[in-house]
Amino acid sequence: MFYAVDAIERETARLVDDAETALIVPLAWLPQGTAEGNVLRWQNGAWQIDPAETQRRRDNAASLLRTLLEG
């Protein structure tokens, strides 16, 4: 399952899964360099940034925005 970093506030991050369930976790639990918009997955007992899924979702969002602006 994937979790998108929805927001980072102070020392916590709000993660939202594909079913739109939110988790609030300490920022210290996440990989160094985690930023809003990154997509994470829980793997081998730790959170990991999934660069390919992050880029795929960013590309989809950009494509949707272009379609809306052209529409």
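Scoring rules and cut-offs
- Residues numbered from 1 in each chain as written.
- Predicted model: local features only at pLDDT ≥ 70, side-chain atom pairs only at ≥ 80, totals over all residues.
- Heavy atoms only, no water.
- Helix = DSSP H or I, 4+ residues; strand = E, 2+ residues; numbered from the N terminus.
- Core = buried A, V, L, I, M, F, W, Y, C linked by side-chain atoms within 4.5 Å.
- Buried < 20%, exposed > 50% of the residue type's maximum accessible area, 1.4 Å probe, protein only.
- Contact = heavy atoms within 4.5 Å.
- pLDDT = per-residue confidence, 0-100.
- Pairing = 2+ DSSP bridges.
- Axes fitted to C-alpha atoms, helices over the stretch in contact; angles between N-to-C directions.
- Phe/Tyr/Trp six-rings, centres within 6.5 Å; stacked < 30°, edge-to-face > 60°.

1. As for unusual backbone geometry
- Here the phi dihedral of E20 falls at roughly 70°; this positive angle occurs in a residue that is not glycine.
- Even without being a glycine, N44 presents a positive backbone phi close to 55°.
- Turning to its location among the elements, N44 is positioned in the loop between β4 (39-43) and β5 (46-49).

2. Quick notes on the nonpolar core
- Core analysis: the biggest nonpolar cluster contains eight residues, these being Y3, V5, A13, L15, V25, L30, L40 and W47.
- Put simply, the parts of the chain that give this core at least two residues each are β1 (2-9) and β2 (12-17).
- A13 has contacts with A7, I8, L23, I24, V25, L27 and L30, leaving out every residue within four places of it along the chain.

3. Let's talk about the confidence of the model for the protein chain
- Here the protein chain averages 96 in pLDDT, while 100% of its residues score no lower than 70.
- Of all the helices and strands in the protein chain, helix α1 (residues 51-70) carries the lowest mean pLDDT, 95, while β2 carries the highest, 98.

4. Examining the sheet that holds β2
- Read across the open sheet, the five strands follow the order β3-β2-β1-β4-β5; overall the sheet is antiparallel. A single partner strand is all that each edge strand has here, and the edge strands are β3 (22-26) and β5. Strand-to-strand twist across the sheet, computed as the mean angle between neighbouring axes with direction ignored, equals 40°.
- Two elements, β4 and β5, share four bridges in a ladder whose sense is antiparallel. Note on β5: the bridge partner recorded for W42 is W47.

5. Quick notes on the packing of aromatic side chains
- Using the criterion set out here, one finds two aromatic pairs in the structure.
- Between Y3 and W47, the aromatic rings sit 5.1 Å apart at their centres with planes inclined by 90°, giving edge-to-face as the arrangement. Placement of the pair is Y3 in strand β1 and W47 in strand β5, with a sequence separation of 44 residues.
- You can call W47 buried: its relative accessible area is 10%.
- Both rings, one in W42 and one in W47, keep their centres 5.2 Å apart while their planes meet at 75°; by these two values the pair is edge-to-face.
- Each member of the aromatic cluster is reached from another via a ring pair, and the members are Y3, W42 and W47.

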